[in-house]
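# What the coordinates show
Chain by chain, the residues:
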Amino acid sequence: MSKGVDSLKFRVAIVGAGPAGYFAAQALQNLANDDRTFEIDMIERLPTPWGLVRSGVAPDHPKIKTVSKVFEKIASQESFRLFANVEIGNDIAIAQLQEKYDAVIIATGSSLGKTLGIPGEGLRGSLSAATFVPWYNAHPDFVGVDTPLDSDTAVVIGAGNVAMDVARMLALEPSELDPTDTADHALDAFKKSNIRKVYISARRGPEHAAFTSPELRELPKLEHTNVVMQKGDIEAAIVRAGDAPEKDVKSNLDAMLLIAENPKTENDRTMEFLFQHTPQQILGTDRVEGVVYSTPNGDVTIKCGLVITAIGYHAHGIEGVPYENGKVVNTDGHVNGNLYVVGWAKRGPSGVIGTNKSDAAAVMQLLVEDLKSPKNAGDISELLTDQVVVTQKHWQKINEAEVEAGEPYGKPRKKSVLREDLLNLAGHAKN
Ligand code: NAP
């Protein structure tokens, strides 16, 4: 990018090092020209960046994670700095950042799982995907989560891609996860798991499912898991969808029909789809014993020892930022003053990782139009007190160490889980 001698240098802080944050940084890098440049500081609560690419994407989907190469390229630019292990709202107030920077961008996603609000949801063995997914992905805050896998049946509630990821992770032959970056503690637990039957339940019919068809189309390829859909359910949905269903609906229904018509397999493990099952109650005294559903044919009880709810997310609030309906209050990404928002915190938990690219680019265009002259008020380094900061160089050490540790096992990386271990890898050892 060419930088004119008289170009205006704006300082921008991005809060959150997930896909939306990186794509916002990339959009700013692309908007730099002879007249204006951007010094970008990305701030992250965890000692590691990459957000959902590290702690959300299913370990058996390594291709989706290759976008991290794009993130590292963005981070390699001279004008980019990482301040990880620093929490905004806790260590530093958002208003303090707003004073220092020409613009502040919230890119903190939606980390809290929505709840059903039905009796029994608080029982042991009833978990949100917002807890279970980061547990198997080695998120430091979820390492100790109680995930009882000792019963023979699990139920996953929701008909989106997160429910599908969770159901697949529970129903896979665990040795298939050996060459992945699944957290060691989760891999051990999956290997000891008694779960052999996993139900995935949708409250509406197949024509309304939020799965995407590539995810459906990979199911018949599972080598050690029977995947069951009732053909009658899919045929009825095809009739209801009519002669001219939307392209995505048609593609999903075609994929589902293939699953339903797939010859029966006799594996130990089964993943079965239930449609038009609306959860009413989770049964149990000390722990989960079953789920009661209402269906068009009356109430049905499914006995199980684990229930995972994957029905969407809402954003975790940051003090000083306005929220409504689980999102940051904004107009096309502008919050107020010099505060902006991108990604799931802006539009809610929808879309795939790439959706954040065009979304962030549109918001950055608007932000750049709002910028007049740089305020030259300093940067976050003047606000840090005793935080142990993980910079890009530190993160590179963690990254290289994890990749190296994975090599003997044929894994893309062996993740460290505890903050202390991550900080040690970063070279921040406490002696
Ligand atoms: P989602 O796609 O919005 O699906 C949420 C599901 O929860 C819907 O089926 C919804 O059913 C159901 N639901 C909501 N409230 C419910 C309730 N009270 N009772 C029962 N069911 C309820 O959300 P997500 O699965 O969390 O995924 C979030 C985004 O990440 C999506 O855009 C998804 O595609 C993306 N993602 C992509 C991948 C991938 O590309 N491989 C992987 C994971 C996630 P109704 O339609 O009936 O409300």
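Counting from 1, residues in each chain are numbered in the order their sequence is written. With the structure being a predicted model, the display of local features is reserved for residues of pLDDT at least 70 and the display and counting of side-chain atom pairs for 80 or more, all residues being used for whole-chain, interface and lining totals. Processing note: side-chain calculations cover all non-hydrogen atoms of the structure and skip hydrogens and water entirely.

This brings us to the overall build of the protein chain. We count a stretch as a helix when DSSP gives it H or I for four or more residues in a row; a strand needs E for two or more, and each element gets its number in order from the N terminus. For the protein chain, the helix and strand inventory stands at 15 helices and 19 strands. Dimensions of the protein chain, computed from C-alpha atoms along their principal axes, come out at roughly 70 × 55 × 40 Å. Relative accessible area decides the class of each residue, using a 1.4 Å probe on protein chains only: under 20% of the type maximum gives buried, over 50% gives exposed, and in between gives partly exposed. With 431 residues in all, the protein chain has 52% of them scored as buried. Counting contacts in the protein chain only where the partners sit at least 6 residues apart, residues at least 24 apart contribute 77% of the total. Only the protein chains shown count as covering a residue, and every accessible area follows the Shrake-Rupley method with a 1.4 Å probe. When the accessible surface of the protein chain is totalled, it reaches about 19,500 Å², and 49% of it is carbon and sulfur. The sign given to each residue is positive for Lys and Arg and negative for Asp and Glu; His and the chain ends receive no count. For charged residues, the charge sits on one atom: NZ in Lys, CZ in Arg, CG in Asp, CD in Glu. Charge-centre separation for the protein chain: the mean point of 45 positive side chains lies 2 Å from the mean point of 57 negative side chains. Here, two residues are considered to be in contact whenever any of their heavy atoms come within 4.5 Å of each other.

The next thing to look at is the site of the ligand. Residues in contact with the ligand amount to 21 residues; listed here are only the nearest, Asn-161, Arg-203, Arg-204, Glu-215 and Gly-351. Isolated, the ligand exposes 920 Å² of accessible area, and the fraction of that covered by the protein chains is 78%. Of all the elements, helix 7 (residues 161-171) adds the most residues to the shell around the ligand, at three residues. Each domain span listed reflects an automatic or database assignment of domains. Looking at which domains feed residues into the shell around the ligand, each of domain 1 (8-111 + 314-426) and domain 2 (115-311) gives three or more. Proximity is defined per residue: if any heavy atom of the residue lies within 4 Å of a molecule or strand, that residue is considered near it.

This part is about the packing of helix 1 (residues 19-31) against helix 13 (residues 355-370). Following both chains from N to C, one finds helix 1 and helix 13 inclined at 50°, their axes separated by 8 Å at the closest point. Comparing the axis directions of helix 1 and helix 13 gives the class oblique. In the crossing of helix 1 with helix 13, the sense of the turn from one axis to the other is right-handed. In this structure, helix 1 uses Pro-19, Ala-20, Phe-23, Ala-24, Gln-26, Ala-27, Leu-28 and Leu-31 to contact helix 13, whose residues at the interface are Asn-356, Lys-357, Ala-360, Ala-361, Met-364, Gln-365, Leu-367 and Val-368. Any residue outside Ala, Val, Leu, Ile, Met, Phe, Trp, Tyr, Cys, Pro, Asp, Glu, Lys and Arg is labelled polar, Gly included; the first ten of those are nonpolar and the last four are charged. By residue class, the composition of the contact of helix 1 with helix 13 is 12 nonpolar, three polar and one charged. Every axis in this analysis is a line fitted to C-alpha atoms, fitted for helices over the stretch in contact. Angles between the N-to-C directions lie between 0 and 180 degrees. Each angle is binned into one of four classes, with values under 35 degrees roughly parallel, values over 145 roughly antiparallel, values of 65 to 115 roughly perpendicular, and all other values oblique. Should the near helix be turned anticlockwise from the far one by less than a right angle, the crossing is left-handed, and should it be turned clockwise, the crossing is right-handed.

All right, on to the packing of helix 10 (residues 231-241) against helix 11 (residues 247-261) then. Where helix 10 contacts helix 11, the axes come no closer than 9 Å and their chain directions differ by 160°. When the axis of helix 10 is compared with that of helix 11, the two are roughly antiparallel. For the pair helix 10 and helix 11, the crossing hand works out as left-handed. Contacts between helix 10 and helix 11 involve Lys-231, Ile-234, Glu-235, Ala-237, Ile-238 and Ala-241 from the former and Val-249, Leu-253, Met-256, Leu-257, Ala-260 and Glu-261 from the latter. Partitioned by chemical class, the residues of the contact of helix 10 with helix 11 number nine nonpolar, no polar and three charged.

This part covers the side chain of Ser-416. Structurally, the position occupied by Ser-416 is in the loop between helix 14 (392-406) and helix 15 (419-425). Owing to a relative accessible area of 18%, Ser-416 belongs among the buried residues under this scheme. Apart from residues no more than four positions distant in its own chain, Ser-416 is found in contact with Arg-54, Ala-138, Glu-402, Asp-421, Leu-422 and Leu-425.

Moving on to the sheet that holds strand 13 (residues 298-303). When DSSP finds at least two bridges between two strands, those strands are taken to pair. The strand order across the open sheet built from three strands is 11-12-13, with neighbouring strands paired in antiparallel fashion. Of all strands in the sheet, those with a lone pairing partner are strand 11 (278-283) and strand 13, marking the two edges. With strand direction ignored, the average angle separating the axes of adjacent strands in the sheet is 25°. As defined by bridge partners, strand 11 adjoins strand 12 (residues 290-295) across five bridges and the pair is classed as antiparallel. Note on strand 12: the bridge partner recorded for Pro-279 is Tyr-293.

Turning to the nonpolar core, a few remarks are in order. Ranked by size, the top nonpolar core spans 52 residues in total, and within it Leu-170, Phe-190 and Phe-273 carry the most contacts. Looking at this core, the element that brings in the most residues is helix 7, giving seven residues. Setting aside chain neighbours within four positions, we find Leu-170 in contact with Phe-132, Leu-149, Ala-154, Val-156, Phe-190, Ile-195, Val-198, Leu-306 and Ile-308. By nonpolar core is meant a set of buried Ala, Val, Leu, Ile, Met, Phe, Trp, Tyr and Cys residues that side-chain atoms within 4.5 Å join together. Among the nonpolar cores identified, the runner-up in size contains 44 residues, and Trp-50, Phe-80, Leu-367 and Val-390 belong to it.

Secondary-structure assignment places Glu-261 in helix 11. Separated by 136 residues in the primary sequence, Glu-261 and Lys-397 have C-alpha atoms spaced 49 Å apart.

Here we take up the pairing of strand 12. In terms of burial, strand 12 is a largely internal element, five of the six residues being buried. Between strand 11 and strand 12, which pair antiparallel and follow one another directly, the connecting turn spans six residues, one of which, Gly-284, has a positive phi of 145°. With six bridges connecting them, strand 12 and strand 13 associate as antiparallel partners. Residue pairing across strands places Val-292 opposite Thr-301, the latter belonging to strand 13. The antiparallel pairing of strand 12 with strand 13 creates a hairpin that spans two residues between the two strands.

Here, a salt bridge means any Lys or Arg side-chain nitrogen found within 4 Å of an Asp or Glu carboxyl oxygen. Counted under the stated rule, the structure contains 26 salt bridges. Of the charged contacts, one joins Lys-100 and Glu-382 as a salt bridge, the two residues approaching to 2.8 Å between their closest N and O atoms. Taken together, the residues Lys-100 in helix 5 (residues 94-100) and Glu-382 in the loop between helix 13 and helix 14 connect sequence positions 282 residues apart. For Lys-100, a relative accessible area of 18% corresponds to the buried category. Among the ionic pairs, Arg-347 bridges to Asp-359, the shortest N-O distance being 3.6 Å.

Here the protein chain is described as being made up of domain 1 (8-111 + 314-426) and domain 2 (115-311). Its C-alpha centre places domain 1 at a distance of 31 Å from the equivalent point of domain 2. Of the residues lining the interface, 24 residues belong to domain 1; the matching set on domain 2 comes to 25 residues. Our enumeration of links across domain 1 and domain 2 arrives at six salt bridges. Residue Lys-415 is joined to Asp-181 by a salt bridge in which the shortest nitrogen-to-oxygen separation is 4.0 Å. Pairs of N or O atoms are called polar contacts if they sit within 3.5 Å, as long as, within protein, a hydrogen donor faces a hydrogen acceptor (for residues adjacent in sequence, only side-chain-to-side-chain pairs). Counting every contact that joins domain 1 to domain 2 gives 12 residue pairs in polar contact (both at pLDDT 80 or more). For the side of domain 1 that touches domain 2, the secondary-structure elements that each account for two or more residues are helix 2 (52-55) and helix 15.

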